[in-house]
Amino acid sequence: MRRPPRPIAAFTCAVALAVTGCAQGAGSTQAENTRAGSTSRAAGHSPGYAPYVSATEAAPTDSAGSPGAYNLAFVVSGGSGCTPKWNGTEAVTDSAVASRISALKKDGATVRVSFGGASGKELAAACDGAGELAAAYAEALDAAGSTAADFDIEGDELADSASVDLRSRAIARLQRARPELDVSFTLPVMPSGLDADSLALLESANTYDVEVSTVNLMTMNYGESYGGDMGDYAVTSAKAAHAQLRKVFGLPDAGAWRGMALTSMIGVNDVAGETFTLADAGQVRAFAQETGIAWVSMWSAFRDRPCEGSSSGGHAPTVCSGVKQEKGAFGKAFAG
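How each quantity is defined
Residues numbered from 1 in each chain as written. Predicted model: local features only at pLDDT ≥ 70, side-chain atom pairs only at ≥ 80, totals over all residues. Heavy atoms only, no water. Helix = DSSP H or I, 4+ residues; strand = E, 2+ residues; numbered from the N terminus. Buried < 20%, exposed > 50% of the residue type's maximum accessible area, 1.4 Å probe, protein only. Areas by Shrake-Rupley, 256 points an atom, 1.4 Å probe, with all protein chains shown as cover. Core = buried A, V, L, I, M, F, W, Y, C linked by side-chain atoms within 4.5 Å. Contact = heavy atoms within 4.5 Å. Axes fitted to C-alpha atoms, helices over the stretch in contact; angles between N-to-C directions. Parallel < 35°, antiparallel > 145°, perpendicular 65-115°, else oblique. Left-handed = near helix turned anticlockwise from the far one by under 90°. Nonpolar A, V, L, I, M, F, W, Y, C, P; charged D, E, K, R; others polar. Salt bridge = Lys/Arg side-chain N within 4 Å of Asp/Glu carboxyl O.

- If you check an unreviewed UniProt entry, the protein chain appears there as Bifunctional chitinase/lysozyme from Streptomyces cyanogenus.

Structure (structure tokens):
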């Protein structure tokens, strides 16, 4: 997923996944979710809704759908060193960001700090050791008042085995100090499922005893050869990844669904020919409810509005969806 816009005018992983899942989804603590018990959720479960939002800039559509949690995008390295900053530029202790986060929480929603994303340098590629990296993650979490961390790993860093293992060791270290820390990995997916690099990342998490509550699939940007229905692709991708999660973590059918989340890029995607519609959002929501998926999300709340003018020009716009819609319509569709 891309970086939010700058201001413009206007136990083990397998055990944790096996018992994960509460309706609040992304922002809830592991004490509430993954250790609450392993009772299967029946069909008709209401998945949580947790959109990605800018941590630095409010959007009028942030609260559309009344999210139970927000994914705050993104903390990366502030330059070449191991200093965590929002978007690589804003201090995690910035007072304006703190006020922004307080506003998101005021109606009872929780926040999850998302590390990584498609732009900037992920901290695991900038920090020298697991202790230093764990401290950087902790600094950002404490500044946000959050007990939930999302690691959005994609691009070259997904294939960097050294940083993958360093990240796993740092997260495990942090969880030993903070048993309540809820961890999700946000990973790219194809209709054929997770690729070898993503599976290797999950195996690394297993190796270092990281407790993972959720694997969040980025159901978007498949490639120019995928010009069909984006809702169908999301469902197909989820089904393929479900089989993989069962194998990687040794999970039962229901447990693998409970350990999954789905994030779609609304409207016009970065790949030509891919457009995710409101009907697709309804399809994803219904599928998540039917299968017992933990939560659904979108990139992003600040894009959940129509563009000025009649067309996006065929390119994914930064601060609007590029399709005909009412403000906040995607948020309401995902929330159900």
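The discussion continues.
### Quick word on the overall build of the protein chain
- What the protein chain contains, in helices and strands, is nine helices and 13 strands.
- When the 336 residues of the protein chain are sorted by exposure, 57% land in the buried category.
- Total accessible area on the protein chain stands at roughly 12400 Å², and carbon and sulfur atoms take up 50% of it.

### What to know about the nonpolar core
- Among the nonpolar cores identified, the biggest contains 81 residues, and Phe115, Tyr137, Phe185, Leu202 and Phe334 are the most heavily contacted of them.
- If we skip the residues at most four places from it in the chain, Tyr137 touches Phe115, Glu122, Leu123, Ala124, Phe151, Arg167, Ala170, Ile171 and Leu174.
- Membership of the second largest hydrophobic core comes to 11 residues, among which are Met1, Ala73, Phe74 and Ala316.

### Brief notes about the packing of helix α6 (residues 230-249) against helix α8 (residues 278-291)
- Interhelical geometry of α6 versus α8 gives an angle of 25° and a closest axis separation of 8 Å. Judged by the inter-axis angle, α6 sits roughly parallel to α8. For the pair α6 and α8, the crossing hand works out as right-handed. Residues Met230, Gly231, Asp232, Ala234, Val235, Ala238 and Lys239 of α6 form the contact with α8, whose own contacting residues are Asp280, Gln283, Val284 and Phe287.
- A class-by-class count of the residues in the contact of α6 with α8 yields six nonpolar, two polar and three charged.

### Observations regarding the pattern of salt bridges
- Per the counting criterion, the structure on display carries five salt bridges.
- In this structure, Asp62 and Arg100 form a salt bridge, with 2.8 Å as the shortest nitrogen-oxygen distance. Pair noted here: Asp62 is in the loop between β2 (52-54) and β3 (69-77) and Arg100 is in helix α2 (residues 95-105), with a separation of 38 residues, a long-range link. Both residues of the pair, Asp62 and Arg100, count as buried.
- Linking Glu122 and Arg167 is a salt bridge whose minimum nitrogen-to-oxygen distance equals 3.1 Å.

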